[in-house]
Amino acid sequence: MNNLEFFTTCFENEVAGTVAAFNSLPPDNLFYKPHEKNKSAREQMEHIMGHLFILKSILKRYECEEVPVKNFSNNYDAAILFEEGAKQVSETLMNYDESKWLNENVDLQEGGKTVLSLPRFRMMWMFLFDIIHHRGQLSSYIRAMGGKNPAIYGASADSASPSK
């Protein structure tokens, strides 16, 4: 398995956990944040959705810029949009040129200025890991918001079978 195939497999495995985390949030409490310095649950979703958008840009362009995605009304809509966007990323990855994946650089820009330049594959991994990181932050909000944690990597205390 090469790096591109491994990324595709890992990405597709992470989609379900992210969708489950979004769907587990109580929709009436999306502005919850555990501390004033933290992003709210909604802001975390906007950030994660922005990363999905940037993954699409990295595959098609030589530069990308991070922008939060705010075009969803609630966490359930965000989950649907995430799943649909992830499907587009997966479809692009299926026939992606391995030479472009390994050898072409992509510039991460902020306000039109390059702040980081990495090979395409490294930029993709960086943003996938950041999606996982922010999903982890979001999952730590769920119980405090009154929701039940989904089984992202196996059973959670909220989804495990009751002990006998």
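The notes below deal with the structure included here. (Residues numbered from 1 in each chain as written. Predicted model: local features only at pLDDT ≥ 70, side-chain atom pairs only at ≥ 80, totals over all residues. Heavy atoms only, no water.)

## Some remarks on the sheet that holds strand 2 (residues 105-110)
Adjacent strands of a sheet form backbone hydrogen bonds with each other and so pair up, either parallel or antiparallel.
And then number 1: Here we have three strands laid out as an open sheet, ordered 1-2-3, and mixed in their pairing. For this open sheet the edge positions go to strand 1 (63-65) and strand 3 (113-119), each flanked by a neighbour on one side alone. The sheet shows a mean angle of 30 degrees between the axes of neighbouring strands, taken without regard to direction.
And then number 2: Note: strand 2 against strand 3, six bridges, orientation antiparallel. Considered in strand 3, the bridge of Gln-109 is made with Thr-114.
And then number 3: Where helix 5 (residues 120-142) meets the sheet, its contacts fall on strand 2 and strand 3, and the angle it forms with strand 3 comes to roughly 105 degrees. (Pairing = 2+ DSSP bridges. Helix = DSSP H or I, 4+ residues; strand = E, 2+ residues; numbered from the N terminus. Axes fitted to C-alpha atoms, helices over the stretch in contact; angles between N-to-C directions. Contact = heavy atoms within 4.5 Å.)

## Quick word on the pairing of strand 2
And then number 1: Here strand 1 runs beside strand 2; their pairing, made up of three bridges, is parallel. Among the inter-strand pairings, Glu-63 is bridged to a residue of strand 2, identified as Asp-107.

## So, the pattern of salt bridges
Side chains that differ in sign of charge can pair as their charged atoms come close.
And then number 1: In total, this model carries five salt bridges according to the counting rule given.
And then number 2: Here Arg-135 ties to Glu-14 by a salt bridge, and the two come within 2.6 Å at their closest N and O atoms. With a gap of 121 residues between them, Arg-135 in helix 5 and Glu-14 in helix 1 (residues 3-24) connect regions that are remote in the sequence. (Salt bridge = Lys/Arg side-chain N within 4 Å of Asp/Glu carboxyl O.)

## Quick look at the side chain of His-47
And then number 1: Tracing the backbone through its elements, the reader meets His-47 in helix 2 (residues 41-60).
And then number 2: Take His-47: its relative accessible area is 16%, and that puts it in the buried class.
And then number 3: Those residues within four positions of His-47 in sequence are excluded, and the remaining contacts are Lys-39, Glu-66, Asp-130 and His-134. (Buried < 20%, exposed > 50% of the residue type's maximum accessible area, 1.4 Å probe, protein only.)

Taken by themselves, the reported measurements are silent on function.
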